[in-house]
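Residues per chain, in single letters:
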Amino acid sequence: MATNNRHDNIRIVLVNTSHPGNIGGAARAMKNMALSELYLVQPREYPAPRAVWRAAGARELLSSARVVDSVDAAIEGCGLVIGTSARERRIPWPLIDPRECGRRIWHEASEHPTALLFGREDRGLTNDELQKCHYHVHIPANSDYSSLNLACAVQVLAYEIRMAAIHETDELSQAFSEWDQPLATADNLERFHCHLKETMTEIGFLDPDNPKQLTTRMRRLFNRVRMDEMEVSILRGLLSSVQRLRR
Ligand code: SAH
């Protein structure tokens with residue numbers, strides 16, 4: 001089973017958390033399930049005694065937690081990013097359940113860093129943040145009351161990663177372990193999307209005043225494909241040629 005190394009490749013990212021108690025609760029949930037890489041994106045109140053109190057025996061996870069300024073910084077270097085969602089969004093994204101989420105994360109963590117993003121207590125993740133993700137995961141709770149407490153949601157998804165680690169199989173349909181190139185990291189994908197948007201604007205294909213859902217759909221398309229580093233650099237070369245012609 002588990003090598004420590006694989007656990008190091010699983011980041012739990014809490015975005016803009018309001019209640020420090022939830023940060024402590026998440027740390028405890030993680031340690032119970034043998035996870036340790038906690039990232040805090042602009043927590044509203046942190047460090048805080050209430051976080052330490054709720055973390056109980058998992059205090060060291062709080063001391064080693066990385067506090068960063070942006071989601072981009074938290075997912076830098078990640079080959080797989082999954083965002084949690086408590087409800088349906090306007091543009092559907094590839095959606096997986098907690099079991100598949102656990103299996104994918106555990107499987108891919110043998111290849112590259114992975115991240116699981118959790119949103120704000122009051123309004124979840126923003127559309128921009130969700131669009132950085134390859135998949136969304138929804139815990140199929142009561143449809144009349146589907147929003148779990150943040151730390152409870154961390155517990156459920158961390159448990160599924162734990163179960164995937166214990167019952168490891170290789171039956172995932174889309175495995176990249178034999179691939180000839182590393183999968184593109186989140187930061188390279190972000191640079192690609194900026195370049196794509198810039199080029200589409202320059203050639204008049206994208207009207208920045210009326211973008212409709214174009215960039216969202218482009219992000220969804222390329223996140224679905226799981227590009228590797230070589231493919232990203234080919235497409236960026238193509239975009240640069242288009243820009244040169246235009247200029
Ligand atoms: N009112 C918010 C709910 C936020 S709940 C909204 O409508 O989006 C706080 C966080 O807990 C969410 O951002 C998500 O990370 C996690 N969470 C809560 N319920 C969840 C569910 N059913 N499935 C997946 N994640 C959930």
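None of these values were measured; they are calculated from a predicted model.

Regarding helix 9 (residues 186-202)
Residue pairs three or four apart in sequence face the same way in an α-helix, which turns once every 3.6 residues.
Thinking step 1. Taking 1.5 Å of rise per residue, 17 residues should cover 24 Å, and helix 9 covers 24 Å from first to last C-alpha, within 8% of that figure.
Thinking step 2. Along helix 9, the residues classified as buried are Ala186, Asp187, Leu189, Glu190, Phe192, His193, His195, Leu196, Thr199 and Met200.
Thinking step 3. Contacts made by the buried residues of helix 9 are with helix 5 (71-74), strand 4 (80-84), helix 10 (214-225) and helix 11 (229-246).
Thinking step 4. Residue glycine 204 follows helix 9 closely and has a positive phi angle near 80 degrees.

Points about the pattern of salt bridges
Thinking step 1. For the structure on display, the rule yields 13 salt bridges.
Thinking step 2. Put simply, arginine 99 and glutamate 160 hold a salt bridge, and the shortest N to O gap is 3.0 Å. Of this pair, arginine 99 sits in helix 6 (residues 98-108) while glutamate 160 is found in helix 8 (residues 150-166), placing the two residues 61 residues apart along the sequence.
Thinking step 3. The exposure class assigned to arginine 99 is exposed, which follows from its relative accessible area of 53%.
Thinking step 4. Owing to a relative accessible area of 8%, glutamate 160 belongs among the buried residues under this scheme.
Thinking step 5. Salt bridges sharing common partners tie together Asp72, Lys132, Glu190 and Arg219.

Section: the domain arrangement of the protein chain
For an interface, size is often stated in terms of accessible area lost upon the parts coming together.
Thinking step 1. The assigned domain composition of the protein chain is domain 1 (6-175) and domain 2 (179-246).
Thinking step 2. Relative placement of domain 1 and domain 2: their C-alpha centres are 26 Å apart.
Thinking step 3. Facing 21 residues of domain 1, the contacting portion of domain 2 comprises 15 residues.
Thinking step 4. Summing both sides of the interface, domain 1 and domain 2 together bury roughly 1,500 Å²; the carbon and sulfur share of this comes to 51%.
Thinking step 5. When residues of domain 1 are sorted by the area they lose upon contact with domain 2, Ile91, Gln131 and His134 head the list and together hold 35% of the total.
Thinking step 6. Counting every contact that joins domain 1 to domain 2 gives 2 salt bridges.
Thinking step 7. For glutamate 190, the salt bridge is made with lysine 132, and the minimal N-O distance between the two is 3.2 Å.
Thinking step 8. Between domain 1 and domain 2 we count 9 residue pairs in polar contact (both at pLDDT 80 or more) in total.

Re the packing of helix 2 (residues 20-32) against helix 8
Thinking step 1. At their nearest, the axes of helix 2 and helix 8 sit 8 Å apart, and the two run at 15 degrees to each other. Taken together, the axis directions place helix 2 and helix 8 in an arrangement best described as roughly parallel. As for how helix 2 packs across helix 8, the hand of that crossing is right-handed. Taking contact as the criterion, the partners of Asn22, Gly25, Ala26, Ala29, Met30 and Asn32 in helix 2 are, on helix 8, Leu150, Ala151, Val154, Gln155 and Ala158.
Thinking step 2. Looking at the contact of helix 2 with helix 8 residue by residue, the class counts come to 7 nonpolar, 4 polar and no charged.

Concerning helix 10
Thinking step 1. Compared with an ideal rise of 1.5 Å per residue, which puts 12 residues at 16 Å, helix 10 spans 17 Å between its outermost C-alpha atoms and is within 8% of the ideal.
Thinking step 2. Of all the positions in helix 10, only Thr216, Arg219, Arg220, Phe222 and Asn223 are classed as buried.
Thinking step 3. Where helix 10 is buried, its residues contact helix 9 and helix 11.
Thinking step 4. Of the residues trailing helix 10, arginine 226 is marked for its positive phi of about 55 degrees.

Some remarks on the pairing of strand 2 (residues 37-41)
Every other side chain in a regular strand lies on the same face of the sheet, so the side chains alternate between the two faces.
Thinking step 1. Among the 5 residues in strand 2, 5 count as buried, and that is most of the element.
Thinking step 2. Residue alternation in strand 2 divides its side chains into two sets, Glu37, Tyr39 and Val41 and Leu38 and Leu40, and both sets are buried.
Thinking step 3. With 5 bridges joining them, strand 1 (residues 10-15) and strand 2 adopt parallel strand pairing. Among the inter-strand pairings, isoleucine 12 is bridged to a residue of strand 2, identified as leucine 38.
Thinking step 4. Since strand 1 and strand 2 lie parallel, the crossover through helix 2 that links them has a hand, and here it is right-handed.

Section: the layout of surface pockets
Thinking step 1. In this structure, the largest pocket spans a volume of roughly 410 Å³.
Thinking step 2. As for the largest pocket, its lining consists of 23 residues, of which Ala86, Arg120, Gly124, Ser147 and Leu148 are closest to the centre.
Thinking step 3. In terms of residues, the lining of the largest pocket owes the most to one element, helix 8, which gives 3 residues.
Thinking step 4. A class-by-class count of the residues in the lining of the largest pocket yields 9 nonpolar, 8 polar and 6 charged.

What counts, and at which threshold
Residues numbered from 1 in each chain as written. Predicted model: local features only at pLDDT ≥ 70, side-chain atom pairs only at ≥ 80, totals over all residues. Heavy atoms only, no water. Helix = DSSP H or I, 4+ residues; strand = E, 2+ residues; numbered from the N terminus. Expected span 1.5 Å × (residues − 1). Buried < 20%, exposed > 50% of the residue type's maximum accessible area, 1.4 Å probe, protein only. Contact = heavy atoms within 4.5 Å. Salt bridge = Lys/Arg side-chain N within 4 Å of Asp/Glu carboxyl O. Domains from an automatic or database assignment. Buried area = accessible area lost by both parts, 1.4 Å probe. Polar contact = N/O pair within 3.5 Å; in protein donor to acceptor, adjacent residues only side chain to side chain. Axes fitted to C-alpha atoms, helices over the stretch in contact; angles between N-to-C directions. Parallel < 35°, antiparallel > 145°, perpendicular 65-115°, else oblique. Left-handed = near helix turned anticlockwise from the far one by under 90°. Nonpolar A, V, L, I, M, F, W, Y, C, P; charged D, E, K, R; others polar. Pairing = 2+ DSSP bridges. Right-handed = clockwise from strand over helix to strand, strands pointing away. 1 Å grid on protein atoms, 1.4 Å probe; cavity = no way out; pocket = protein on both sides within 12 Å on 5 of 7 lines; lining within 4 Å. Points joined across faces, edges and corners; volume = space filled by probe spheres on them.

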